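Tertiary structure, described
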Amino acid sequence: MAEEVKYSADADKPNQDEFSETLQRLAETDTSIIAVTSDSRGSGKLVPFGKKFPKQIVEVGIAEQNLVGVAAGLASCGKKVFAVSPACFLTARSLEQIKNDICYSNNAATVVGISAGVSYGALGSTHHSLHDFAVLRAINNIIIVAPADNFETQQATELAAASDVPVYLRFGKKIMPALKKDNSDGFAFGKGRIITTGDDIAIIANGETVQPAIQAAEKLQANGIAATVISMHTIKPLDTTLISSLAKKCKAVITVEEHSVYGGLGEAVASFLMQEGIAKPFKIMGIPDEYTVTGPQMDIFKHYGISGEGIAAEAIRLLNR
């Protein structure tokens, strides 16, 4: 049965805000925590961090390649660095620096892509980050994480601060409700989080698409269809054990992501299932290979079927094949 999404005082905020608050809490007892920004402390919600810890923040201006280079240098000196910049620019302009200065050189910095996906919807394709999963998945030695709620964001930030390998954290701007009332199952990189359970169809989503996936499960439940919804917050390493068990149990699989249908969560899941010889009706839901429409984030989601209604309709179509 689908579990109703509930807001709480602790969770009713954008993940970017939760990230900032968690980073401030960590910095209170750890002077090695450093934030590096590219004229992005405002959009990254790091103004309070800068006021509290002026010696633990570095501003490089609108120079994303310098941002990553400085972060790599600080990490090589033992600092716990968070390089924060809009995801669309961070993973395009400074991709070479992420590859060579951080990943290849094994400098355990955390690269934080803010306002990701189509969060900057009204600004158009120049400000959409629909490529970041794809390009970063092809680079060795980086963990890729897209938290879906404040709990996952807090946990991911803490784990990134303690990580001895590079991490990419991806956050959007939307207020995110808590996905579950009970988080006793915990959180770990590379382990998907089960939100609802059902044997008819598996819906695997991440980031801000998990909410519409849950809404789809509720609509399907009203039609007698039981759906498992997974927050697959970690794209790399992928929780192949959970994916395998779901695909063997359920009649069909849908993946949902705020990313191009090429190179992201969907293709990662499909590749694994094909190589394992697990064949089930399968659909990747995301942004198609076209000139992306411009408008508010939720309007773009609805246009491409990333909504409770759209995902539920696709689930019924797959099950009726």
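Rules used throughout
- Every chain begins its residue count from 1, and numbering advances along the sequence as written.
- With pLDDT at 70 or above as the cut-off, local features in this predicted model cover only qualifying residues; side-chain atom pairs require 80 or more to be listed or tallied, and sums for whole chains, interfaces and linings still use all residues.
- Heavy atoms from the whole structure form the basis of all side-chain values; hydrogens and water molecules are not counted.
- Numbering of helices and strands starts at the N terminus; helices are DSSP runs of H or I of at least 4 residues and strands are runs of E of at least 2.
- Here the radius of gyration uses the C-alpha set of atoms, whereas the globule reference equals 2.2 Å times the residue count to the power 0.38.
- Relative accessibility under 20% of the residue-type maximum defines a buried residue, over 50% an exposed one, and the middle range a partly exposed one, all with a 1.4 Å probe and only protein chains included.
- The contact criterion used throughout is that any non-hydrogen atoms of two residues lie within 4.5 Å.
- Using the Shrake-Rupley algorithm and a 1.4 Å probe, accessible areas are obtained, with residue cover drawn only from the displayed protein chains.
- Charged residues are defined here as Lys and Arg on the positive side and Asp and Glu on the negative side; His and the ends of the chain fall outside this count.
- For this purpose, a charge sits on NZ of Lys, CZ of Arg, CG of Asp or CD of Glu.
- Here, strands pair whenever DSSP counts at least two bridges between them.
- Orientation is described by axes fitted as lines to C-alpha atoms, over the contacting stretch for helices, and by angles from 0 to 180 degrees between their N-to-C directions.
- Under the convention used throughout, the expected extent of a helix is 1.5 Å for every residue step, that is, one less than its residue count.
- Starting at the helix axis, one direction is taken to each C-beta atom, and the arc is that of these directions.
- Reported orientations rely on four angle classes, namely roughly parallel under 35 degrees, roughly antiparallel over 145, roughly perpendicular from 65 to 115, and oblique for the rest.
- Rotating anticlockwise by less than a right angle from the far helix to the near helix defines a left-handed crossing, while the corresponding clockwise rotation defines a right-handed one.
- Asp, Glu, Lys and Arg are counted as charged, while Ala, Val, Leu, Ile, Met, Phe, Trp, Tyr, Cys and Pro are counted as nonpolar; the rest, among them Gly, fall into the polar class.
- Salt-bridge detection follows one rule: a side-chain nitrogen of Lys or Arg within 4 Å of a carboxyl oxygen of Asp or Glu.
- Here a polar contact means two N or O atoms within 3.5 Å. Within protein one must be a hydrogen donor candidate and the other an acceptor candidate, and residues neighboring in sequence count only if both atoms are side-chain atoms.

**As for the overall build of the protein chain**
Within the protein chain one finds twelve helices and 14 strands. Over its C-alpha atoms the protein chain spans a radius of gyration of 19 Å, differing by no more than 12% from the 20 Å that the globule rule assigns to 321 residues. Principal-axis analysis of the C-alpha atoms places the extent of the protein chain at approximately 60 × 40 × 35 Å. Expressed as a percentage of its 321 residues, the buried residues of the protein chain come to 58%. Pairs at least 24 apart in sequence give 78% of the contacts found in the protein chain among residues at least 6 apart. Of the roughly 12800 Å² that the protein chain leaves accessible, carbon and sulfur atoms contribute 51%. Charged side chains in the protein chain number 30 positive and 35 negative. The centres of these two groups are separated by 1 Å.

**Remarks on the sheet that holds strand β14 (residues 282-287)**
Strand order in the open sheet made by the five strands is β9-β11-β10-β13-β14, with mixed pairing throughout. A strand with exactly one partner marks an edge of an open sheet, and here the two such strands are β9 (193-196) and β14. Put simply, the sheet's adjacent strands are angled 20° from each other on average, direction ignored. Relative to strand β11 (residues 227-231), β9 is paired through three bridges, and the arrangement is antiparallel. Each residue of the ladder has a partner; that of Arg 193, found in β11, is Ser 231. Lying over the sheet, helix α10 (residues 265-276) contacts β10 (201-205), β13 (252-260) and β14, oriented at roughly 160° with respect to β14.

**Describing unusual backbone geometry**
Of note, the bond from Lys 236 into Pro 237 is cis; its omega dihedral lies within 30 degrees of zero at 0°. Assignment of secondary structure puts Pro 237 in the loop between β12 (234-236) and α9 (240-249). With phi around 55°, Asp 39 is a residue other than glycine that occupies positive phi space. Along the polypeptide, Asp 39 turns up in the loop between β2 (33-37) and α2 (47-52). A relative accessible area of 54% means that Asp 39 is categorised as exposed. Not every positive phi belongs to a glycine, and Ser 115 is a case in point at roughly 50°. The residue Ser 115 is located in the loop between β5 (110-114) and α6 (132-137) in this model.

**Some details on helix α12 (residues 308-319)**
Spanning twelve residues, α12 covers 16 Å between terminal C-alpha atoms, matching the ideal 16 Å at 1.5 Å per step. Residues of α12 that are buried: Gly 308, Ile 311, Ala 312, Glu 314, Ala 315 and Leu 318. The buried residues of α12 all sit within an arc of 160° when viewed along its axis, so they share a single face. In the core, the buried residues of α12 are packed alongside β10, α8 (210-222), β13 and β14.

**Examining the packing of helix α1 (residues 15-27) against helix α7 (residues 150-162)**
Between two packed helices, what matters for the description is the angle formed by their axes and the separation of those axes. Contact pair α1 / α7: the axes reach a minimum separation of 9 Å and the direction vectors enclose 40°. When the axes of α1 and α7 are compared, the pair comes out oblique. Here α1 and α7 pass one another in a crossing that is right-handed. Together, Asn 15, Glu 18, Phe 19, Thr 22, Leu 23, Arg 25 and Leu 26 of α1 and Asn 150, Thr 153, Gln 154, Thr 157, Glu 158 and Ala 161 of α7 make up the contact between the two elements. Residues that form the contact of α1 with α7 fall into these classes: four nonpolar, six polar and three charged.

**Things to note about the pattern of salt bridges**
Counted by the stated rule, this structure contains 15 salt bridges. A salt bridge links Glu 152 to Arg 193, with the nearest nitrogen and oxygen atoms 2.8 Å apart. With Glu 152 in helix α7 and Arg 193 in strand β9, this pair connects stretches of sequence that are 41 residues apart. Exposure class is identical for Glu 152 and Arg 193. Each is buried. Of the charged contacts, one joins Arg 317 and Glu 314 as a salt bridge, the two residues approaching to 2.5 Å between their closest N and O atoms. Note that Arg 317 and Glu 314 are positioned in helix α12 at a spacing of three residues, about one turn of the helix. Via salt bridges that share partners, Lys 13, Glu 18 and Glu 21 belong to a single interconnected network.

**Thoughts on the side chain of Asp 239**
Among the structural elements, Asp 239 can be located in the loop between β12 and α9. Within the structure, Asp 239 has its side chain in polar contact with the backbone nitrogen of Leu 242 (distance 3.1 Å).

So far we have only geometry, and geometry alone does not tell us how the molecule works.
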